[in-house]
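Read off the chains here:
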Amino acid sequence: MARRKRRSRRGGSAGLIIATVCLAVLSLGIVGAYGWLRYKASGNVAVDQASLCPIDGPKAETAILLDVTDPISDTTALDLRNQFQKIVADVPIGGAIDIYALTEKEGELIQTFHGCNPGSGANVDEWTSNPRLAQARWEKGFQKPLADIAGKLTAGESGRLSPVMAAIQKINLEVFANAPAGIPKRLYIASDMIEHTAAFSNYKDGVSYQRYQNSPANDRFRTSLSGVTVKILAFQRPNMKFSMEDLANFWAQWIKNNKGDFGGFVRLEGIR
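Residues numbered from 1 in each chain as written. Predicted model: local features only at pLDDT ≥ 70, side-chain atom pairs only at ≥ 80, totals over all residues. Heavy atoms only, no water.

Q: I'm lost on empty space enclosed by the protein in this one. Help?
A: A probe as big as a water molecule, rolled over the atoms, marks out the empty space that is left. For the structure shown, the criterion picks out one cavity of 30 Å³ or more. Counted as a void, the largest cavity has a volume near 30 Å³. Every residue lining the largest cavity is listed: Ile64, Leu66, Leu80, Phe84, Ile87, Tyr188, Ile189, Ala190 and Leu233. Going through the elements one at a time, strand S1 (61-66), helix H2 (74-89) and strand S4 (185-191) are the ones with two or more residues in the lining of the largest cavity. Classifying every residue of the lining of the largest cavity gives nine nonpolar, no polar and no charged. (1 Å grid on protein atoms, 1.4 Å probe; cavity = no way out; pocket = protein on both sides within 12 Å on 5 of 7 lines; lining within 4 Å. Points joined across faces, edges and corners; volume = space filled by probe spheres on them. Helix = DSSP H or I, 4+ residues; strand = E, 2+ residues; numbered from the N terminus. Nonpolar A, V, L, I, M, F, W, Y, C, P; charged D, E, K, R; others polar.)

Printed below as a string of structure tokens:
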């Protein structure tokens, strides 16, 4: 009988050990699931309610300069609208977008939009967030205002001056100089890219970069575009005294000499 009791104790001990292990595994599973949900929830970064930008700063910075100081054709506007939509679609969640309209006064821009992509309802986890509220926030604060701007791209009145360089300088100081270090920075310029100011004018001086360097504009509009990729979406004007290729080379050199990365020169369809 003594031996039977010892076997009974061994069986009971084994059962207790198995139960303990199962309980430990179950506990770890619960803790792990809780931790995973907390981790997923942490992806819902706190944002500023006005701009929808992360409190700790945007994850990327995209700026757009729209030059509608002169009217553009319907064809050019349609091409620009398509390009605009691609740019907006490429803004990452938490990335900022700032849109400015050029005026004929040096350094005076009209900011038409500032905000961040908060992510749509398709980008959130239904276990930790409310997809419907996220979608509504995205549509009201990000998608609709940008769609409204895209719908007004044909609006423009002829201006006496076209200070593109001063506008780039202003955007660089206002937007990129204050952006968190190390984030992607992109500037898109939609314009005929014909600089026309008292300091330098492509109409008068052509597209000779040497003439530009010898002009007052060289010191007046210099700006450090280090870390900024600049892409040009160019409108074509009739009866230009220089080719679009020469104009593209002029601006590529200007961007590189100001330490920026030249992202390309896209000639939009249409002419006016």
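That covers the picture; the talk isn't over yet.
Q: Sorry, what's going on with the pattern of salt bridges here?
A: Oppositely charged side chains are able to pair whenever their charged atoms sit close together. Tallying each qualifying case throughout the model produces five salt bridges. One salt bridge in this structure joins Glu106 and Arg220, with 3.0 Å as the shortest N-O distance. With Glu106 in the loop between strand S2 (96-102) and strand S3 (109-116) and Arg220 in helix H7 (residues 217-220), the pair connects residues that are 114 residues apart, well separated along the chain. Using a relative accessible area of 32% as the deciding quantity, one classes Glu106 as partly exposed. (Salt bridge = Lys/Arg side-chain N within 4 Å of Asp/Glu carboxyl O. Buried < 20%, exposed > 50% of the residue type's maximum accessible area, 1.4 Å probe, protein only.)

Q: Would you mind showing me how to read the nonpolar core here?
A: Within soluble globular proteins, side chains that are nonpolar generally end up buried alongside one another. The biggest cluster of nonpolar side chains holds 37 residues, and the ones touching the most others in it are Ile171, Leu187, Trp251 and Trp254. Counting residues per element, the ones that place at least two in this core are S1, S2, helix H4 (164-176), S4, helix H6 (209-213), strand S5 (228-234) and helix H8 (244-257). No other element matches H4, which puts eight residues into this core. Aside from chain neighbours lying at most four places away, what touches Trp251 is Val164, Met165, Ile168, Met193, Glu195 and Ile232. Core analysis: the second largest hydrophobic core is formed by 17 residues, Ile72, Leu80, Ile87 and Leu268 among them. (Core = buried A, V, L, I, M, F, W, Y, C linked by side-chain atoms within 4.5 Å. Contact = heavy atoms within 4.5 Å.)

Q: I tried to follow the environment of Cys53 on my own but got confused; where do I start?
A: Of note, Cys53 is situated in the loop between helix H1 (2-41) and S1. You can call Cys53 buried: its relative accessible area is 7%. Each C-alpha atom of the pair Cys53 and Ala96 lies 6.8 Å from the other, and the pair is 43 residues apart in sequence. Those residues in contact with Cys53 that lie beyond four places of it in its chain are Ala46, Val47, Asp48, Ala96, His114, Gly115 and Cys116.

Q: Explanation requested: the packing of aromatic side chains in the structure shown.
A: Think of a pair of aromatic rings as described by two things: how far the centres are apart, and how the planes are tilted against each other in angle. Counted according to the given criterion, the structure contains seven aromatic pairs. Judged by centre distance (5.7 Å) and plane angle (85 degrees), the rings of Phe250 and Trp251 are edge-to-face. There is no split in this pair, since Phe250 and Trp251 are both buried. On the numbers, 5.5 Å between centres and 65 degrees between planes, the contact of Trp251 with Trp254 is edge-to-face. (Phe/Tyr/Trp six-rings, centres within 6.5 Å; stacked < 30°, edge-to-face > 60°.)

Q: Which parts of the structure should I look at to understand the pairing of S2?
A: Moving residue by residue along a regular strand, the side chains alternate between the two faces of the sheet. Here S2 lies mainly inside the structure; seven of its seven residues are buried. Residue alternation in S2 divides its side chains into two sets, Ala96, Asp98, Tyr100 and Leu102 and Ile97, Ile99 and Ala101, and both sets are buried. Following the backbone out of S1, through H2 and into the adjacent parallel S2, one traces a crossover that is right-handed. Where S2 and S3 come together, seven bridges link them in antiparallel fashion. Within S3, the residue paired with Ala101 across the bridge is Ile110. Count of turn residues in the S2/S3 antiparallel hairpin: six residues, of which Gly107 carries a positive phi of about 75 degrees. (Right-handed = clockwise from strand over helix to strand, strands pointing away. Pairing = 2+ DSSP bridges.)

Q: Just to check I follow, could you spell out the confidence of the model for the protein chain for this structure?
A: Caution applies to low-pLDDT parts of the model: their predicted coordinates are not meant to be read in detail. Taken residue by residue, the protein chain gives an average pLDDT of 79. The fraction at 70 or more is 70%. This model gives residues 1-11 a pLDDT under 50, and the stretch forms zero contacts once residues within four places in sequence are excluded. pLDDT under 50 marks residues 16-43. Its contacts with residues more than four places away, or in other chains, come to five contacts. (pLDDT = per-residue confidence, 0-100.)

Q: In this structure, what is going on with the state of the cysteines? I would like to understand it.
A: Here is the idea: a disulfide is a covalent bond, and it sits between the sulfur atoms of two cysteines. Scanning all chains against the criterion turns up one disulfide. The residue that forms a disulfide with Cys53 is Cys116, at a sulfur-sulfur distance of 2.1 Å. An S-S torsion of about 90 degrees defines the bridge between Cys53 and Cys116 as right-handed. In this pair, Cys53 is assigned in the loop between H1 and S1 and Cys116 in strand S3, connecting sequence segments 63 residues apart. With a relative accessible area of 1%, Cys116 lands in the buried category. (Disulfide = S-S within 2.5 Å.)

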